[in-house]
Amino acid sequence: AQSVTQLGSHVSVSEGALVLLRCNYSSSVPPYLFWYVQYPNQGLQLLLKYTSAATLVKGINGFEAEFKKSETSFHLTKPSAHMSDAAEYFCAVSALSGGYNKLIFGAGTRLAVHP
Amino acid sequence: DTEVTQTPKHLVMGMTNKKSLKCEQHMGHRAMYWYKQKAKKPPELMFVYSYEKLSINESVPSRFSPECPNSSLLNLHLHALQPEDSALYLCASSQEPGLASYEQYFGPGTRLTVT
């Protein structure tokens, strides 16, 4: 069975500091991995996805993630945090169940950015 | 256009009411999903529609009744709900139901309160 684990339910950074949100996956097949962001009282927005084309994936809003098979990780980074990055971030792996695509989410990491 | 729309944005209903949530996408996607999200939790999959047919029901109580009238529309009919059903209900769509590499696009959600 496929799963993802997000390390750290809360992360707090200063504005301008590096953002690092951790995600580890478990999968018996090459995984398809996603990062989504959710702002308060909104739906989920896709930040980026890994589909085996390149191990370093660039997404929207200056975020990127690196797929490391040896570490089974797909951590999300941004060089310089902005106040507007404060949100909930979900790592997810895509799995086929009965022939149909399902997203399996991690528990989420709440990012706080302080001045 | 990568937009999924949901109406209403907010809904308050009594336990004896019947109401419906509506979701619409015009991206030509053939898979549509309903999720339930409780506060500070990741979304939980409820239903998957593939080519307008119900493909996955994640053991959801019968007081939730999904319907897919056409390839662009997805409804969730609600009847005799319980207060614990209060949550954010998210709709999503993806291009192909059987390919794990395709991302899901989420709507803004309907905030449901059952009194």
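The residue count restarts for each chain, going from 1 along the sequence in the order it is written. In the order they appear in the text, chains get letters beginning with A and ligands get numbers beginning with 1. Reporting of local features is limited, given that this is a predicted model, to residues whose pLDDT is at least 70; pairs of side-chain atoms are given and counted only at 80 or more, and all residues count toward the totals for whole chains, interfaces and linings. Calculated side-chain values reflect all of the structure's heavy atoms, with hydrogen atoms and water omitted.

## Comments concerning the overall build of chain A
Helices and strands together make up the secondary structure of chain A, namely zero helices and eleven strands. Here the C-alpha atoms of chain A give a radius of gyration of 14 Å, agreeing with the 13 Å that 2.2 N^0.38 yields for 115 residues. Each principal axis of the C-alpha distribution contributes one length, and for chain A these read about 45 × 30 × 20 Å. Note on exposure labels: buried denotes an accessible area under 20% of the residue type's maximum, exposed denotes more than 50%, and partly exposed covers the range between, all computed with a 1.4 Å probe on protein chains only. The buried share of chain A, taken over its 115 residues, is 44%. A separation of at least 24 residues holds for 55% of the contacts in chain A among residues at least 6 apart in sequence. Only carbon and sulfur atoms are counted for the fraction: they give 54% of the accessible area of chain A, which is about 5,400 Å². Think of it this way: Lys and Arg go in the positive column, Asp and Glu in the negative one, and His and the chain ends go nowhere. Charged side chains are reduced to one point each, which is NZ for Lys, CZ for Arg, CG for Asp and CD for Glu. In chain A, 8 positive and 6 negative side-chain charges are present, and the distance between their average locations comes to 8 Å. Numbering of helices and strands starts at the N terminus; helices are DSSP runs of H or I of at least 4 residues and strands are runs of E of at least 2. Radius of gyration: C-alpha atoms only; globule rule: 2.2 Å multiplied by the number of residues to the exponent 0.38. Only heavy atoms enter the contact rule, under which two residues are in contact if any of them lie within 4.5 Å. Computed with the Shrake-Rupley method and a 1.4 Å probe, the accessible areas treat only the protein chains shown as cover for residues.

## Concerning the sheet that holds strand β6 (residues 56–58) of chain A
All names here are of chain A. Read across the sheet, five strands follow the order β1-β3-β8-β7-β6 without closing on themselves; strand pairing throughout is antiparallel. Taken across any chain shown, the strands that pair with only one partner, and hence form the sheet edges, are β1 (3–7) and β6. Each neighbouring strand pair of the sheet contributes to a mean axis angle of 20°, computed without reference to strand direction. Note on pairing: two strands pair once DSSP finds at least 2 bridges between them. Both β1 and strand β3 (residues 19–26) contribute to a ladder of five bridges, which runs antiparallel. If you follow T5 over to β3, its bridge partner there is N24. Only the stretch in contact is used when fitting a helix axis, every axis being a line fitted to C-alpha atoms; angles between N-to-C directions are given from 0 to 180 degrees.

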